[in-house]
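Chains, contacts and geometry: an overview
If you want the building blocks of each chain, they are given just below.
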Amino acid sequence: MIREVAARPFGDQRPGTSGLRKKVRVFQQPHYLETFVQAIFNAEPALAGATLVLGGDGRYYNRPAIQTILRLAAANGVARVLLGQGGILSTPAASCLIRKHGAAGGIVLSASHNPGGPQADFGVKYNVANGGPAPESVTEAIFAAACRLDTYRTLDAPDIDLERTGEQRVGEMAVQVVDPVADYAALLEQLFDFDRIGELLRGRFRMRFDAMHAVNGPYAVEILERRLGAPDGTVVRGDSREDFGGAHPDPNLVHARVLVDELAQADGPDFGAATDGDGDRNMSLGRRFFVTPSDSLAVLAANAQRLPGYRDGLAGVARSMPTSAALDRVAEALDLPCYETPTGWKYFGSLLDAGRITLCGEESFGTGSNHVREKDGLWAVLAWLNLLAVTDQSVAELVRAHWARFGRTFYTRHDYEGIDADLAGELFDALRGRLPTLVGHRAGRLEIEQAEEFAYTDPVNGARSERQGIVLRLAGGGRIVYRLSGTGTEGATVRVYVEDHEPDPTRHGADPQTALADLLGLAVALPDLHRHTGRSGPTLVT
Ligand code: G1P
Ligand code: ZN
């Protein structure tokens, strides 16, 4: 029986740039999840009579949320749900399923790299028919619906068995429980040379993959160990847990410290990689060699034709604005169109759909291509493995050769997390107000040539996005960017991104913090960052 139940309208803050992300206890309030999910069905009437993909990263509350969503989907006339077994789907695998099976959309339960568990975070993202995150027009429509909703529709039906593959029913609606890995692994097999990668992994080469107790555990075990034959134990922290083992499932220098330390050993593995809570981010490392995500993107773009799926070359490339210009230098040399988009994967979607770009990425450990409409952690790892296999070079050799050809872009990001939101707002208002007066500002050898707030017009659909970060360009190619995070759940996070291009990569030492010291000094002094954040330094340096 279908029931209309009083909703819990959102007087609440609007969802962030990556869907609705809140503490678990917020989602546990009666009717909260239901209201948001009903808003999705109201905003996307095409879901009625169509296929919906459903799954999540397995964090705490994933299972009850899946059962709730199934009942709402049935009551709202969805014809068929493709559900990952156990309620599991990585974000890129969900994108793959939506595209492959012609679904009208997908609901992915994840708070990405945020911690999981009863005291931690949960999230709901809605992806549209191209497999990518909903564009702003859709997320705004969902939010508007959630604010004015009176009732939601649900069905009185028992829970389904999340483990039993094959077809079950919730009311009239068919639920197909599918292997979460199979279609995704098949797609990656088409893009990369599994024979060559397999030879590499079964030989003397040693790799370590840190799944961070997150969703990619079973994906990595299946793909790296079973299909490619890497030795057992290649994948560590491969058992997915609801609280990610109590850790922060973010593959960066701090949260993947154990992997980083292992790779720092003289006799450490040749290659190391980690992916995040929902499997879309990646960090890829060589022995004693950290590859910045911006460099990783540039190296993959420069070498794409060595990968079977990209043999015919790239249509174009794109990077988010705060990502370094290392990619631009590759694009220039290869005569490829190169787009600079606001932060967030959704901005790549229209460029990918229109066939204008093939590869894209972000400085925040996100890399991907036109094979899905999300960034894809395991895709990036396999791309690197494929390059290592066919070039017979180490990670360090590949990157150094890249720098020798294109120059090196020193890059770092400093995060000030958990800042009082009012203070952070004042910081940006103050900077914004001063922009015209900053041009010509000098500090030692540094001179600001351009100061502006980044805004973007999508070249395909004309959609306009304002206030996407403050950019200071320096004479000689350096750049300082200030941005407010759109994904945090506690206070505000101020991100400061600093880069400088060095045509002669042998001129500076290896350490970006040293190479960028002057620029970092200016980045802090100019807006009086420490006073505005109430902090004497960043909480995270990448
Ligand atoms: C962060 C990253 C951004 C990424 C997003 C979702 O967003 O900086 O590149 O797209 O997570 O993974 P932010 O918190 O900076 O808004
Ligand atoms: Zn993620």
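Structure report, in brief. Keep in mind it's a predicted model, so treat the numbers as computed, not measured.

**Focus on the coordination of the zinc ion (ligand 2)**
Surrounding the zinc ion (ligand 2) are the protein donor atoms S112 (OG), D276 (OD), D278 (OD) and D280 (OD), which sit 2.0 to 2.1 Å from the metal. Here the zinc ion (ligand 2) binds four donor atoms, and the angle range of 89 to 164 degrees at the metal identifies the geometry as irregular.

**A closer look at the sheet that holds strand 27 (residues 540-541)**
On the basis of which strands lie adjacent, the open sheet formed by seven strands has the order 20-21-24-25-26-19-27 and antiparallel pairing. Strands with a single pairing partner mark the edges of an open sheet, and in this sheet they are strand 20 (442-443) and strand 27. Relative to strand 26 (residues 492-502), strand 19 (residues 408-419) runs antiparallel, the two sharing 10 bridges. Of the residues in strand 26, the one forming a bridge with Y416 is V494.

**Side note on the pairing of strand 16 (residues 338-341)**
A one-sided burial pattern is seen for strand 16, the buried positions being Y339 and T341 and the unburied ones C338 and E340. Where strand 15 (residues 317-320) and strand 16 come together, four bridges link them in parallel fashion. If you follow A318 over to strand 16, its bridge partner there is Y339. In this fold, strand 15 hands off to helix 11 (residues 326-334), which returns the chain to strand 16; that crossover is right-handed.

**Focus on the nonpolar core**
Counting 73 residues, the largest nonpolar core has F192 and L385 as its most contacted members. Looking at this core, the element that brings in the most residues is helix 13 (residues 377-391), giving 11 residues. Grouped together as the second largest cluster of nonpolar side chains are 51 residues, F27, A39, A146 and A157 included.

**Here we look at the pairing of strand 9 (residues 173-178)**
The pairing of strand 4 (residues 80-88) with strand 9 spans five bridges and is parallel. Each bridged residue has a counterpart across the sheet, and for L82 the counterpart in strand 9 is Q176. Summarising the sheet, strand 8 (residues 166-170) and strand 9 pair through five bridges and their orientation is antiparallel. Bridge pairing in strand 9 links E167 to Q176. Between the end of strand 8 and the start of strand 9, which pair antiparallel, lie two residues, with G171 showing a positive phi angle near 60 degrees.

**Considering helix 14 (residues 395-406)**
In this model, helix 14 (12 residues) spans 16 Å end to end at C-alpha, consistent with the 16 Å of a helix rising 1.5 Å per residue. The complete set of buried residues in helix 14 reads V395, A396, L398, V399, H402, W403 and F406. Buried residues of helix 14 fall within an arc of 165 degrees about the axis and therefore sit on the same side. Turned more than 90 degrees away from the buried face of helix 14 sit A404 and R405, all of them exposed. Where helix 14 terminates, the next one or two residues include G407, which has phi positive at roughly 85 degrees.

**Some details on the environment of E4**
Among the secondary structure elements, E4 is positioned in strand 1 (residues 2-6). Between the C-alpha atom of E4 and that of Y152, which follows or precedes it by 148 residues, the distance is 5.5 Å. A polar side-chain atom of E4 sits 2.7 Å from a polar atom in the side chain of T151. For E4, the side chain forms a polar contact with the side chain of R153, separated by 3.2 Å.

**Here's the deal with the packing of helix 13 against helix 14**
Running from amino to carboxyl end, helix 13 crosses helix 14 at an angle of 90 degrees, the nearest separation of the two axes being 10 Å. Put simply, helix 13 runs roughly perpendicular to helix 14. Contact residues: helix 13 offers W384, L387, L388 and T391, while helix 14 offers V395, L398 and V399. For the contact of helix 13 with helix 14, a count of residues per class yields six nonpolar, one polar and no charged.

**A word on the packing of helix 6 (residues 182-191) against helix 13**
The relative placement of two packed helices comes down to the angle between their axes together with the axis-to-axis distance. Taken N-terminus to C-terminus, the directions of helix 6 and helix 13 make an angle of 30 degrees; their axes are 11 Å apart at the nearest point. Considering their axes alone, helix 6 and helix 13 lie roughly parallel with respect to each other. In the packing of helix 6 onto helix 13, the handedness of the crossing is right-handed. When helix 6 is examined against helix 13, the residues Y184, L188 and L191 are found in contact with a partner set consisting of L378, W379 and L382. For the contact of helix 6 with helix 13, the per-class residue count stands at six nonpolar, no polar and no charged.

Rules behind the numbers
Just so you know, the residues in each chain are numbered from 1, in the order the chain's sequence is written. Each chain takes a letter, starting from A, and each ligand takes a number, starting from 1, following the order in which they are written. Whole-chain, interface and lining totals are the exception, using all residues; otherwise, since this is a predicted model, local features are given only for residues with pLDDT of at least 70 and side-chain atom pairs are given and counted only at 80 or more. In computing side-chain properties, one takes all heavy atoms of the structure into account and sets aside hydrogens as well as water. Metal sites are built from N, O and S donor atoms within 2.8 Å, or 3.2 Å for Na, K and Ca, and they leave out water, so they may look incomplete. When four donors show all angles between 85 and 135 degrees the site is tetrahedral, when four or six donors have opposite pairs over 155 degrees and all other angles between 65 and 115 it is square planar or octahedral respectively, and in every other case it is irregular. Any two strands between which DSSP finds at least two bridges are classified as paired. Only runs of H or I of at least four residues qualify as helices and only runs of E of at least two qualify as strands under DSSP, and these elements are numbered from the N terminus. Type-normalised accessible area, obtained with a 1.4 Å probe on protein chains alone, sets the label of each residue: buried when under 20%, exposed when over 50%, and partly exposed for intermediate values. Seen with its strands pointing away from the viewer, a crossover is right-handed when the path leading from the first strand over the helix to the second is clockwise. Residues enter a nonpolar core if they are buried and are Ala, Val, Leu, Ile, Met, Phe, Trp, Tyr or Cys, with the set joined through side-chain atoms within 4.5 Å. Multiplying one less than the number of residues by 1.5 Å gives the expected span of a helix. This arc describes the spread of directions from the helix axis toward the C-beta atoms. Throughout this description, a polar contact denotes any pair of N or O atoms lying within 3.5 Å of each other; where both atoms belong to protein, one of them has to be capable of donating a hydrogen while the other can accept it, and for residues adjacent in sequence the pair is counted only when both atoms sit in side chains. Under this scheme, a helix contributes an axis fitted over its contacting stretch, all axes are lines through C-alpha atoms, and angles between N-to-C directions fall in the 0 to 180 degree range. Here the angle decides the label: under 35 degrees means roughly parallel, over 145 means roughly antiparallel, 65 to 115 means roughly perpendicular, and every other value means oblique. The contact rule is simple, with two residues in contact once any of their heavy atoms fall within 4.5 Å. Only Asp, Glu, Lys and Arg are considered charged in this grouping, and only Ala, Val, Leu, Ile, Met, Phe, Trp, Tyr, Cys and Pro are considered nonpolar; every other residue, Gly among them, is considered polar. It is the rotation of the near helix from the far one that decides the hand of a crossing: anticlockwise by less than a right angle makes it left-handed, clockwise makes it right-handed.

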